[in-house]
Amino acid sequence: MPTQPHKYAVFVSGRGSNLKAILDAHAEGRLSHLPSLVITDNAQAYALEYARQYGVETLFIDPKAHKGRKAFAAYTLEELRRRGIDTICLAGFMRIVDGLLVEAFRNRIINIHPSLLPLFPGLDAQKQAVDVGAKESGCSVHFVDEGVDTGLVILQAKVALEEGETAETLSKKILAHEHRIYPIVIQALLEDRIRLADGRAVIVEKGE
Ligand code: GRF
């Protein structure tokens, strides 16, 4: 175990159902710690409601006030360091994270994506799956690196596409799995139970 417990921030831009799943997981005892901070680039994000309900500090960082990705990242980094936060969980954060943050949080920054990566990276992953007639898709929790949805995969969940599946029905099915697996990975990250070896990331049990 680390000498200091890890402190994490969740980055959101919109609806916030994954943030809600994280907060609920804590309330239900499946996650040992609440996030120390919720950061958003969208002051209207519904996600902020959930953070407030659970008494988690929120911080709106206005992209217009910081010229360019690097400046936005530098300011974000300062705010995180000031609070002793060493772990970042992206949950529907609609901005590409600058390399400055990726470097500063190497292997401590994760994202959830609604496909079985490396398939269907980027936007509208569920529609991409439906459009090519994929037989299965799912979601992936992965480390964030300098690319878009290219970092090492930590955990995935699969769903089957049925006849008549639409992007909407698929999104709903995948989301249920997102909500289940993201807290599992966050807890593992908080307990330093994600082992990196031979180009793979594996969650190990306590004491392994
Ligand atoms: C989720 O589908 C997540 O996989 C993707 O963005 C969506 C965010 O949804 N990165 P929500 O804001 O957590 O409800």
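Residues numbered from 1 in each chain as written. Predicted model: local features only at pLDDT ≥ 70, side-chain atom pairs only at ≥ 80, totals over all residues. Heavy atoms only, no water.

(A) Focus on the domain arrangement of the protein. Domain annotation of the protein identifies domain 1 (1-105) and domain 2 (111-208). Taken together, the contacts link 23 residues of domain 1 with 18 residues of domain 2. When domain 1 packs against domain 2, the two sides together hide about 1,800 Å² of surface, and 66% of this comes from carbon and sulfur. Among the elements of the structure, helix H1 (17-27), strand E4 (87-90) and helix H4 (99-104) are those that each provide at least two residues to the side of domain 1 that touches domain 2. Here the element with the most residues in the side of domain 1 that touches domain 2 is H1; it accounts for 5 residues. (Domains from an automatic or database assignment. Contact = heavy atoms within 4.5 Å. Buried area = accessible area lost by both parts, 1.4 Å probe. Helix = DSSP H or I, 4+ residues; strand = E, 2+ residues; numbered from the N terminus.)

(B) Structural context of the sheet that holds strand E5 (residues 109-113). Read across the sheet, 7 strands follow the order E3-E2-E1-E4-E5-E6-E7 without closing on themselves; strand pairing throughout is mixed. Because the sheet does not close on itself, it has two edges, and the strands there are strand E3 (58-60) and strand E7 (153-160). If you compare each strand with its neighbour and ignore which way they point, the axes differ by 20° on average. When strand E1 (residues 8-12) meets strand E2 (residues 37-40), the two strands line up parallel, connected through 4 bridges. (Pairing = 2+ DSSP bridges. Axes fitted to C-alpha atoms, helices over the stretch in contact; angles between N-to-C directions.)

(C) Structural view of the side chain of Ser 140. As for its position among the elements, Ser 140 is in strand E6 (residues 136-143). Side-chain polar atoms of Ser 140 contact the side chain of Gln 156, separated by 3.0 Å. Non-local contacts of Ser 140, meaning those with residues more than four positions away in its chain, are made with Asn 111, Ile 112, His 113, Ser 115, Leu 116, Leu 117, Leu 155 and Gln 156. (Polar contact = N/O pair within 3.5 Å; in protein donor to acceptor, adjacent residues only side chain to side chain.)

(D) Seen up close, the packing of aromatic side chains. Taken as a whole and judged by the stated rule, the model has 2 aromatic pairs. Taking the centre distance of 5.2 Å and the plane angle of 75° together, the rings of Phe 11 and Phe 93 count as edge-to-face. A residue pair is termed long-range when its members are at least 10 positions apart, and Phe 11 in strand E1 and Phe 93 in the loop between E4 and H4 qualify at 82 residues. Considered together, Phe 11 and Phe 93 belong to a single accessibility category, that of buried residues. Between the aromatic rings of Tyr 46 and Tyr 50, the centroid separation amounts to 5.3 Å while the plane-to-plane angle is 85°, which identifies the pairing as edge-to-face. Since its relative accessible area comes to 46%, Tyr 46 is described here as partly exposed. Taking NZ or CZ as reference, Arg 95 lies 5.4 Å from the ring centre of Phe 72, over its face. (Phe/Tyr/Trp six-rings, centres within 6.5 Å; stacked < 30°, edge-to-face > 60°. Buried < 20%, exposed > 50% of the residue type's maximum accessible area, 1.4 Å probe, protein only. Lys NZ or Arg CZ within 6 Å of the ring centre and 35° of its normal.)

(E) Molecular detail of helix H6 (residues 167-190). Over its 24 residues, H6 runs 33 Å from end to end, which matches the ideal 34 Å to within 8%, given 1.5 Å per residue. Just downstream of H6, Asp 192 is the residue with a positive phi angle, here 55°. (Expected span 1.5 Å × (residues − 1).)

(F) Main features of the pattern of salt bridges. Following the criterion strictly, the structure yields 17 salt bridges and no others. Of the charged contacts in the structure, one is a salt bridge between Asp 41 and Arg 95, with a shortest N-O distance of 2.7 Å. Of this pair, Asp 41 sits in the loop between E2 and helix H2 (47-53) while Arg 95 sits in the loop between E4 and H4, and the two are 54 residues apart along the sequence. On the accessibility criterion, Asp 41 (12% relative accessible area) is buried. Of the charged contacts, one joins Asp 192 and Arg 108 as a salt bridge, the two residues approaching to 3.1 Å between their closest N and O atoms. A residue pair is termed long-range when its members are at least 10 positions apart, and Asp 192 in the loop between H6 and strand E8 (194-197) and Arg 108 in the loop between H4 and E5 qualify at 84 residues. The exposure class of Asp 192 is partly exposed, given its relative accessible area of 38%. The exposure class assigned to Arg 108 is buried, which follows from its relative accessible area of 15%. (Salt bridge = Lys/Arg side-chain N within 4 Å of Asp/Glu carboxyl O.)

(G) Geometry of the nonpolar core. In this structure, Val 10, Leu 19, Ile 110, Tyr 182 and Ile 186 are the most contacted members of the largest nonpolar core, which totals 41 residues. Among all residues touching Ile 186, those that are not within four sequence positions of it are Tyr 8, Ile 22, Leu 31, Cys 89 and Ile 110. With 20 residues, the next largest nonpolar core counts Phe 11, Leu 59, Leu 80 and Ile 85 among its residues. (Core = buried A, V, L, I, M, F, W, Y, C linked by side-chain atoms within 4.5 Å.)

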